[in-house]
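Structural features, examined
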Amino acid sequence: MTKIINSPSKYIQGKDEIANLATYYKLRGNSGAYLLVDKFIFDNFKDKIVESFEKEGVNYHIEVFGGECSKNEINRNIDILKEKKCDAVFGIGGGKTLDAAKAVSYYENIPVFIVPTIASTDAPCSALSVIYTPNGEFKEYLFLKANPDMVIMDTDVIVNAPARLLVAGIGDALATYYEAKACVDSNASSIAGGGITKAAIAIAELCKDTLFQDGLKAKIAVENKVVTQAVENIIEANTYLSGIGFESGGLAAAHAIHNGLTILEEGHHVYHGEKVAFGTITQLVLENRCLCEIKKVVEFCKSVGLPTTLDELGMGSVSKERLYEVAKASTAEGETIHNMPFKVTADDVFAAILVADELGKN
Ligand SMILES: [Zn+2]
């Protein structure tokens, strides 16, 4: 099979990078930068962002994100961008702001700069945008023509977000190696649409090792709002290593089980990465990995505060019948669980969820 690896053209990570956005813009654009920002970022960082563009003498328009990455919001921004004659778009904020900026760049064929202000998922680097209805229900995936032109992480901004978000990013990143390894073993294709390169699996493995080495230290540092080397390493693991690792290494059981768990309203307050962490433990049970290996992952999750039981996911009182519905949803046609190197049925997933839950309790 032909192998493919995707990545953003440039990945930048450091302190106070939000003050350099105009400098980066000048490498790609001329007529003006369209800055789509979260309300929180507008209220707290507007002066710093604007100063960067004023200092460099670059035209810009700053717009507050409407809150939902819907077709309406995307079209609203495209209209303003055209009126202001901007030739590149920045997404500055959380996942939905970034996805809206990516969609604007897709429809307008212009460069996109992604500036995540949290490190809670591995989505920023990917050539993928999730579109919702104006009411916030999932609508569709938009597969982009290319990965972002630049991904810029300001570590000062990220450490000031709640520690739980960084920990959720650790949960999302924890799945990356195990899912990529399953895809390699089954010769499945990745999200990038091809076979898996040696580079992608090496990056996925480095992601896992970095989490185990630095996850707890980074969590403690972020709780104290300071940037340490461990924080730097975890931001890179959550965003870049996991981003390349999932897109070019592939998804398997952990994310499919996450998707199954989303049918339970009881878990709607739980972040993506927190459910993915439990999905990862469940995948390890499905694979019948040695107890020492599963315990290592469970203990790591506990140490950083990721949920390891159904109760911790808010699903402790869910009936077995409804858990079976989760297992059925996880094994629906087209789910990435079918990338596992063996056949997986709803019965298998149901059993693995119960065992994972018990292992988390012990
Ligand atoms: Zn994920």
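Nothing here was measured: the structure is a model prediction, and the numbers come from that model.

1. Comments concerning the overall build of the chain
- Scanning the chain for helices and strands turns up 13 helices and eight strands.
- On C-alpha atoms alone, the chain measures out to a radius of gyration of 20 Å, which is about the 21 Å that the 2.2 N^0.38 rule sets for 362 residues.
- Seen along its three principal axes, the alpha-carbon backbone of the chain occupies a region of about 60 × 40 × 40 Å.
- Counting across all 362 residues of the chain, residues that qualify as buried make up 59%.

2. Topic: the layout of surface pockets
- Estimated volume of the largest pocket: approximately 1500 Å³.
- If you go around the largest pocket, you meet 45 residues; those closest to its centre are Thr 121, Ala 123, Val 130, Tyr 132 and His 272.
- Residue assignment for the lining of the largest pocket shows that the elements contributing at least two residues are α2 (39-56), α4 (95-108), β6 (128-132), β7 (138-143), α6 (163-186), α9 (253-261) and α10 (272-286).
- Looking at the lining of the largest pocket residue by residue, the class counts come to 23 nonpolar, 15 polar and seven charged.
- Looking at the lining of the largest pocket, you find at least three residues from each of domain 1 (10-159) and domain 2 (162-361).

3. Focus: the UniProt feature "domain: Alcohol dehydrogenase iron-type/glycerol dehydrogenase GldA" (unreviewed entry) in the chain
- If you check UniProt for "domain: Alcohol dehydrogenase iron-type/glycerol dehydrogenase GldA" (unreviewed entry), the listed places come out as residues 8-155 in our numbering.
- With 34% helix and 28% strand, residues 8-155 has its two end C-alpha atoms placed 18 Å apart.

4. What about the environment of Ile 74?
- Mapped onto the fold, Ile 74 is located in helix α3 (residues 71-83).
- Remark: the alpha-carbon pair of Ile 74 and Ser 105, spanning 31 residues in sequence, is separated by 9.8 Å.
- Dropping the residues within four chain positions of it, Ile 74 is found in contact with Cys 69, Ala 103, Val 104, Tyr 107 and Ile 131.

5. Re the pattern of salt bridges
- Enumeration according to the criterion identifies 20 salt bridges in this entry.
- One salt-bridge network, held together by shared partners, links Glu 63, Glu 73 and Arg 76.

6. Quick notes on the coordination of the zinc ion
- The zinc ion binds to the protein through Asp 172 (OD), His 255 (NE2) and His 272 (NE2), with metal-donor distances spanning 2.1 Å.
- Written as a sequence motif, the donor arrangement for the zinc ion is D-x82-H-x16-H. Linking Asp 172 in helix α6 with His 272 in helix α10, this pair joins segments that are 100 residues apart in sequence.

7. So, the domain arrangement of the chain
- On domain assignment, one finds that the chain holds domain 1 (10-159) and domain 2 (162-361).
- If you average the C-alpha positions of domain 1 and of domain 2, the two centres end up 27 Å apart.
- Where domain 1 abuts domain 2, roughly 1800 Å² becomes buried across the two surfaces, and 64% of that area is made up of carbon and sulfur atoms.
- Broken down residue by residue, the surface that domain 1 buries against domain 2 is led by Ala 119, Asp 122 and Val 159, which jointly contribute 36%.
- Between the two partners, domain 1 and domain 2, sit eight residue pairs in polar contact (both at pLDDT 80 or more).
- Here the side of domain 1 that touches domain 2 is built from residues that sort into nine nonpolar, six polar and three charged.

8. Comments concerning the side chain of Glu 179
- Here Glu 179 shows up in helix α6.
- Of note is the side chain of Glu 179, whose polar atom sits 3.4 Å from the backbone nitrogen of Ala 254.

Rules and cut-offs
- Residues take numbers from 1 onward in each chain, read along the sequence in its written order.
- Note on the predicted model: pLDDT of at least 70 is required for a residue's local features to be given, and 80 or more for side-chain atom pairs to be given and counted; whole-chain, interface and lining totals, by contrast, use all residues.
- Water and hydrogen atoms play no part in the side-chain values, which are based on all heavy atoms of the structure.
- Helix and strand definitions here come from DSSP, where helices need a minimum of 4 consecutive H or I residues and strands a minimum of 2 consecutive E residues; each element is numbered from the N-terminal end.
- For the radius of gyration, the atoms used are the C-alpha atoms, and the globule rule reads 2.2 Å times the number of residues raised to 0.38.
- The buried label applies to any residue whose accessible area, calculated with a 1.4 Å probe on protein chains only, is under 20% of its type's maximum; exposed applies above 50%, and partly exposed to all values in between.
- Using a grid of 1 Å spacing that covers the protein atoms alone, one calls a set of points a cavity when a 1.4 Å probe fits there but cannot get out, and a pocket when the set is open and has protein on both sides within 12 Å along at least five of seven lines; lining residues are those with an atom within 4 Å of a point.
- Grid points are joined across faces, edges and corners, and a volume is the space filled by probe spheres set on the points.
- All amino acids are sorted into three groups, where Ala, Val, Leu, Ile, Met, Phe, Trp, Tyr, Cys and Pro are nonpolar, Asp, Glu, Lys and Arg are charged, and the leftover types, Gly among them, are polar.
- Segmentation into domains, and thus their bounds, comes from an automatic or database assignment.
- UniProt positions are given in the numbering used here, feature names are shortened, and annotations may be inferred rather than shown by experiment.
- Throughout, a contact is declared for two residues whenever any of their heavy atoms are within 4.5 Å.
- Take a side-chain nitrogen of Lys or Arg and a carboxyl oxygen of Asp or Glu: if they are within 4 Å of each other, that pair is a salt bridge.
- Water is absent from the atoms considered, so a metal site may look incomplete; donors are defined as N, O and S atoms within 2.8 Å of the metal, or 3.2 Å for Na, K and Ca.
- Using a 1.4 Å probe, buried area is obtained as the accessible area two parts lose upon being combined, added over both of them.
- As used in this structure description, the phrase polar contact means that two N or O atoms lie within 3.5 Å; if the pair is within protein, one of them must be able to donate a hydrogen and the other to accept it, and residues adjacent in sequence are counted only when both atoms belong to side chains.

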